[in-house]
Structure formats: C-alpha cells, structure tokens
Amino acid sequence: MMSRSLLGLPLAGLLAVSLFACESKDTPPVPAPEKVDEAKAKADAPKPEAKTEAKPEAEAKPDEAKTPEAEAKVEAPKDEPKADEKAKAAPADEAKAAAPKGDTKPAADVAAKTSVPDAPNGILPKGAADKLVKAGGRPIVRLLAAGGEPRSAASYVLVKGTSKPLRMGMELEMSMSAAGMNLPPTKMPRMVMTFDFSTGDKKGSDWPIEGTLKDVGVESQAAGQDKIAEALRPQLEPIKGLGMRYFVDEKGRVHDVTMSMPKTVPQAAQQMMTGMTQSIESMTAPLPDEPVGSGAKWEVLGRLTANGADLLQVSTFTLKERKGDVLTLDVTVKQLAAKDTVTPPGMPPGASARLVAFKSQGSGTSVLDTKDVAPSGGSMTVKSSMTLEVQVSAGGKTEKQNTSIDTNVTVSYSRK
C-alpha cells in the first residue's frame, strides 16, 4: 500500500542532511517539503476530455461543420432547437454523466473537479486548508472517475498476524543557497530502513497495527559520500527498535498514531523520526466508497505536519490493474503550504522562520495487497523547491536571511 504520502520520508531525509550540516556549520535544521514535476502534473490533468464530451453534438451534423458559418449555426440552429439546447445546456453535466457509464478514460477534467484553491507561490490563503480538511483529521476521498466495467468496491480486509518485513530505500540529491553561498547538487548516501508490521484483531471497522523499526543503514554509493555516511550512522543507530501503533479502517484511513522511543535517543534523531512517522502513518492508500474499475481515478485530501511545516496534500490515484486482492496504482502527489509560518525543530531562541515560496510534486507507482498492511512494492520520485526566510533577533538587532533548497528524492518499497 504505497503511501498517500511518501513525502514525509523525503522530508525526514532532508532533516538528516540538515543534521549533518549542523555538525559542520552549526546551522539549525530546516524543513524541506517537496517540489513538483510540473510536466508530469500537466500530463496527469487531461483537460481536453471535458470538451470532447460536447463535441458529438456538433460532429453529428457534418454539413453544418464544414465552414465557420456552419459552425455558427451549430451554436444557434433554427431548424434543430433541441440539439442547440443540448449543446448550450451544460457540457460539465454531460462529462459527469459519461463517467458512470463504463468510460475507461480518466475524469473529464481533474483540475476543474478539485476543490483546492489557487495558492500563490505554493502557499494557501489563511484558513483555506481548514475548509478542506482539518489538521489532524482523517483524509477526504473523492471519486473523480469510476473507470470501466466490471466495477466493484475496493476495501481492505487485513489478515491478523505479522507480515513480511518492509524495506524502504531513499536516495536524495540536494542543492542549497543561503547568504550568497551556493551548495551545488550533492547526492547523499542511500538510507535503508527495515520495518516489521503486525495486525491485531479487528475492532469495529478498525484494525490495530503495531510497527517496529528493526534496522537502519546508510550506504555510500559514490566517492565523497563516506564522510557524510559516517556522520549519519551514529545518529541513526539509536532509533533501532522504535515502536509505533495506529489504527486503520476498511477504506485505508489511518488515525490515532502514537510512537514509543527510548529516552536515550538523541534529540536530532527524534527530530528526524517526526518526519519519518508521516510516511508510516499514511502508508495505506485510502480507497473510495464507490465501486471502481480499471482506469478509476480518485483524489485524497490530507493534512501533514512535517518538521514544523503545516501542509495540505493532494494525492491522485489511478487504478491501472486489479487482480483479485492486488491493486496496481499510479500515484501523483502535490503539496501546498497551509500557512507561511513554520517552526522547524532546533530553531535557536529569538529566531523565526517564514515560507516565501514553496513547490512540491511527485509521481510513482504502487502495488498493494488489500489483505496486507504494507505495500508489496513500488517507488515514488519527488522534486521540490522552497525558499525560507529566517529572522534572528539578538542584542537589539534583527537579521533576515533567505535560504533556498532544491531536492530530488526517490523512495522505493520492497518486501523481504
């Protein structure tokens, strides 16, 4: 069940990078939400389809469509008022009517259907995110296209017991500029984590889930990564054995997430796991209530808090294939800042941070078994960019500094 939010994990990786930076430059870690691959986003929003629903009315009269004059007649034909009324009526209604009839095409216009408002510089107006989904609330699932026949409802039927270990791998490339200093694109060592998950007895519509971080490693993959890996390993080692507990319902909505971490875990490692938990708690892909078939598309709105940043996340799932209990999904993710204020962990007294610009988008695939608590496999690539203004007041003086961060992250899932 590839996460509706794989982005928490890259954020955790960015924090790990900032932790290393703190070791060498004595600067506080900053949140680094993810960017979007805009080309993929445009490709995923098939706008032309809304128009094609209304086309057959005009194309059914080839004699009228040969010239501009004839096209004008289509708008207001004197001899065929019924056709004119249909053409003028409401193309959007025709597009909606087309979806339930077994159309295997995507929704007519995903962008037009979404209720997410425009966000200048990637930051939503005050209170806009709360109108869509409350912070801490369960995700909102909206069906955009039902897909082709045959259709049937998709729900989780988790099996009690321990599942196969889940292995997460993360590769990160990062560039940063601040106060006239530029850090060129740098590839970080690969981070690998292994989790065990166990499903308990179902209570009502929920299953209790127990998770444990069994192992964490840092792998150098290129020259120059050894020193970074050596700095990260001792900070990550103490988090082995981290425990988590949460509940998930039949539609994949996760709630009441709690973590248990030994007091001996360094503060820096605790900060990193705050972002990590966002990936774990949203690892189950929420499913729509309505029956769906191949080509079905649905949207999930959720709220995340990642390293001090309050985010609204819009995930779009497309059902590519369904074989029994196994679903293969295409996933696109976009994040918007719910507000411009951020409170990154490790900020010194008298310091404050504000988002100036934020972009976050990614895409990937997921293979999930609705009887299992964790994804069978998949991967997600996320591109992100952000500009953060940090203000520090000391000795009666106030200084401001802008920091820009660009990242490219790939997260992969596999089962042992």
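Keep in mind that what you see is a predicted model, and the values were worked out from it rather than measured.

(A) Summary view of the pattern of salt bridges. A complete count under the given rule lists 19 salt bridges for this structure. Where aspartate 130 meets arginine 303, a salt bridge forms, and the shortest distance between an N and an O atom there is 2.9 Å. A residue pair is termed long-range when its members are at least 10 positions apart, and aspartate 130 in helix α8 (residues 128-132) and arginine 303 in strand β9 (residues 297-306) qualify at 173 residues. You can call aspartate 130 partly exposed: its relative accessible area is 34%. A relative accessible area of 12% means that arginine 303 is categorised as buried. A salt bridge links lysine 320 to aspartate 330, with the shortest nitrogen-to-oxygen separation between them at 3.9 Å. Highlighted residues: lysine 320 in strand β10 (residues 309-323) and aspartate 330 in strand β11 (residues 326-337), separated in sequence by 10 residues. Under the relative-accessibility criterion, lysine 320 is labelled partly exposed at 47%. In this structure aspartate 330 comes out as partly exposed when scored by relative accessible area, which is 28%.

(B) Just the pairing of β10, in detail. Burial within β10 is extensive, with 11 of its 15 residues counted as buried. Of the strand pairs in this sheet, β9 and β10 are connected by 10 bridges, and their pairing is antiparallel. Looking at the pairing, tryptophan 298 lines up with phenylalanine 317 of β10. Linking β9 back to β10 in an antiparallel pair, the connection comprises 2 residues, with asparagine 307 at a positive phi of about 50 degrees. Relative to β11, β10 runs antiparallel, the two being bridged by 12 bridges. Note on β11: the bridge partner recorded for leucine 311 is alanine 337. Linking β10 back to β11 in an antiparallel pair, the connection comprises 2 residues, with glycine 324 at a positive phi of about 65 degrees.

(C) Main features of the confidence of the model for the chain. Here the chain shows a mean pLDDT of 75. Residues at 70 or above account for 68%. The element-level mean pLDDT for the chain is lowest in helix α1 (residues 8-25), coming to 37, with β11 highest at 95. Every residue in residues 1-112 is under pLDDT 50, and counting partners more than four places away or in other chains gives 232 contacts.

(D) Representation of the nonpolar core. Counting 49 residues, the largest nonpolar core has Phe197, Ile209, Met283, Trp298 and Leu329 as the members making the most contacts within it. Looking at this core, the element that brings in the most residues is strand β6 (residues 206-219), giving 5 residues. Not counting residues up to four positions away in its chain, the partners in contact with tryptophan 298 are Val141, Arg142, Leu143, Leu144, Pro286, Leu287, Pro288, Ser315, Thr316, Phe317, Leu319 and Leu329. Formed by 15 residues, the second largest nonpolar core is a distinct cluster that contains Val342, Leu355, Leu388 and Val390.

Cut-off values and rules
Residues numbered from 1 in each chain as written. Predicted model: local features only at pLDDT ≥ 70, side-chain atom pairs only at ≥ 80, totals over all residues. Heavy atoms only, no water. Salt bridge = Lys/Arg side-chain N within 4 Å of Asp/Glu carboxyl O. Helix = DSSP H or I, 4+ residues; strand = E, 2+ residues; numbered from the N terminus. Buried < 20%, exposed > 50% of the residue type's maximum accessible area, 1.4 Å probe, protein only. Pairing = 2+ DSSP bridges. pLDDT = per-residue confidence, 0-100. Contact = heavy atoms within 4.5 Å. Core = buried A, V, L, I, M, F, W, Y, C linked by side-chain atoms within 4.5 Å.

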